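# Examining the three-dimensional arrangement
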Amino acid sequence: MMWKTIDLFMLLVLLCSACSDRKTLSYPGDGGSGGGGDTPGPRQVSIAYLKSLYAGYPYRIAEDMVLEGRVIANDANGNYYHTIVVSDETGGIEVKIEYDRLFEIYRLGYPVRIGCNGLTLGAYGGLIQLGYPSSGAYETGYIPEEEFPGYVLVSGEAVPIVPDTMTVSSLGPSDVSTYVAFAGVQFIDEELGLRWSESDADTDRHLVDRFGDTLRVRTNHRASFAERKLPVGSGYIEGILSWFNGRYQLRVTDVRNVIMEEARFEPVRHP
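I will try to describe carefully the structure that is included in this document. (Residues numbered from 1 in each chain as written. Predicted model: local features only at pLDDT ≥ 70, side-chain atom pairs only at ≥ 80, totals over all residues. Heavy atoms only, no water.)

Before going further, it helps to examine the overall build of the protein chain. Along the backbone of the protein chain there are 3 helices and 16 strands. Here the protein chain, with 271 residues, has 45% of them falling under the buried criterion. Entry remark: accessible area of the protein chain is about 14500 Å², with carbon and sulfur atoms responsible for 53%. (Helix = DSSP H or I, 4+ residues; strand = E, 2+ residues; numbered from the N terminus. Buried < 20%, exposed > 50% of the residue type's maximum accessible area, 1.4 Å probe, protein only. Areas by Shrake-Rupley, 256 points an atom, 1.4 Å probe, with all protein chains shown as cover.)

In this section: the nonpolar core. Looking at soluble globular proteins, one finds that nonpolar side chains tend to be buried together. Formed by 29 residues in total, the largest nonpolar core has its most connected members in Leu 50, Val 95, Ile 97, Tyr 106, Ile 114, Leu 121 and Val 152. Ranked by residue count, the leading element in this core is strand β3 (residues 65-73), at 3 residues. Dropping the residues within four chain positions of it, Val 95 is found in contact with His 82, Thr 83, Ile 84, Val 86, Ile 114, Leu 130, Ile 143 and Val 152. By size, the runner-up hydrophobic cluster in this structure holds 22 residues, among which are Phe 182, Ala 223, Leu 230 and Met 260. (Core = buried A, V, L, I, M, F, W, Y, C linked by side-chain atoms within 4.5 Å. Contact = heavy atoms within 4.5 Å.)

Backbone geometry follows two general trends: most residues other than glycine have a negative phi, and most peptide bonds adopt the trans configuration. The phi torsion at His 82 lies on the positive side, around 50°, for a residue other than glycine. Tracing the backbone through its elements, the reader meets His 82 in the loop between β3 and β4 (83-88). Backbone geometry at Asn 245 places phi at a positive 50°, although glycine is not the residue there. Mapped onto the secondary structure, Asn 245 falls in the loop between β14 (234-244) and β15 (247-251). Take Asn 245: its relative accessible area is 57%, and that puts it in the exposed class.

Two numbers describe a pair of aromatic rings. These are the distance of the centres and the angle of the planes. For the structure shown, the criterion picks out 8 aromatic pairs. With a centroid separation of 6.3 Å and 85° between ring planes, the pair formed by Tyr 81 and Tyr 142 is classed as edge-to-face. On the criterion of sequence distance, the pair formed by Tyr 81 in the loop between β3 and β4 and Tyr 142 in the loop between β8 (127-131) and α3 (148-151) is long-range, its members being 61 residues apart. On the basis of relative accessibility, which here comes to 32%, the residue Tyr 142 falls in the partly exposed class. Feature note: the residues Tyr 99, Tyr 106 and Phe 148 constitute an aromatic cluster, connected by ring pairs. Between Lys 96 and the ring centre of Tyr 142, over which it is positioned, the NZ or CZ distance is 4.8 Å. (Phe/Tyr/Trp six-rings, centres within 6.5 Å; stacked < 30°, edge-to-face > 60°. Lys NZ or Arg CZ within 6 Å of the ring centre and 35° of its normal.)

Assignment of secondary structure puts Glu 266 in the segment after β16 (258-262). At 3.2 Å, the side chain of Glu 266 and the side chain of Arg 269 are in polar contact. (Polar contact = N/O pair within 3.5 Å; in protein donor to acceptor, adjacent residues only side chain to side chain.)

Our next topic: a negative patch on the surface. The grouping of Glu 98, Asp 100, Glu 145 and Glu 146 at the surface amounts to a negative patch. Considering the arrangement of structural elements, one finds Asp 100 in the loop between β5 (91-96) and β6 (111-115). (Patch = residues over 30% accessible without salt bridge, like charges linked within 9 Å, V, L, I, M, F, W, Y side chains within 5 Å. Salt bridge = Lys/Arg side-chain N within 4 Å of Asp/Glu carboxyl O. Lys, Arg positive; Asp, Glu negative; His and termini not counted. Charge placed at Lys NZ, Arg CZ, Asp CG, Glu CD.)

What follows is about the environment of Phe 182. Within the secondary structure, Phe 182 is located in strand β11 (residues 179-187). Phe 182 sits in the buried class, given a relative accessible area of 2%. Each C-alpha atom, one on Phe 182 and one on Asp 164, is 8.6 Å from the other, the two residues being 18 residues apart in sequence.

Moving on to the side chain of Asp 88. Positionally, Asp 88 belongs in strand β4. Of the buried charged residues, Asp 88 lacks a salt bridge, with Lys 51 as the closest side chain of opposite charge at 8.7 Å. Of the polar contacts made by the side chain of Asp 88, one reaches the backbone nitrogen of Ile 47; its length is 3.0 Å. Those residues in contact with Asp 88 that sit more than four places away from it in its chain are Ser 46, Ile 47, Glu 68 and Gly 69.

This is the structure:
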């Protein structure tokens, strides 16, 4: 039975060797603890809590904290540039990353963990963003290409993302940077026949619902669908709810999720 004893010994050696080679995922500032051992890991926070730390000026995060969420937008269709949008049950936030094809790494529905220590919260037009410390005119910069994989880690498999169906009148601050949908809407009469965006500048178009409430639709002039004409009917639209200078705006991430094939309606005119 000696050979059985030797085989068992060799198996234990191999298992121990594999354990010693196993790498533990770590986040900036957590000392590689991964939350175990004697050294405490980073504190998990919600997106709502993280955004509450912004008080009107750039906030450099100097605490070991991590947030978890799912990717609800990336740069796949060009309406976002060097940016992904991440949401959890408390809200959403834009994350600025200096990389040209983020959609290949951060696909829609992927869960991600973001190590926040060393990053900066800032705002553009009142929209809170998470990025890198900036010395320029903007409150946040882009996380450098050589550093972002250590800050924003994919932590599991993708699942389908489903928007919350809203009405224009019901929108609130917690809906900003989340995935939303609107039914029973159409582009205003004055914009029929126009393209999603002008060729030389990002462009606002305007939705209206049956109650006469309107919502801006913002499209990057480099978006893959920028030169398409706006749909002429009424119906359904999905996108990321954004905010700029005191007004909500919608940013479509996939024009295939704009289905306006019903007859146009006459909206109620507000006095």
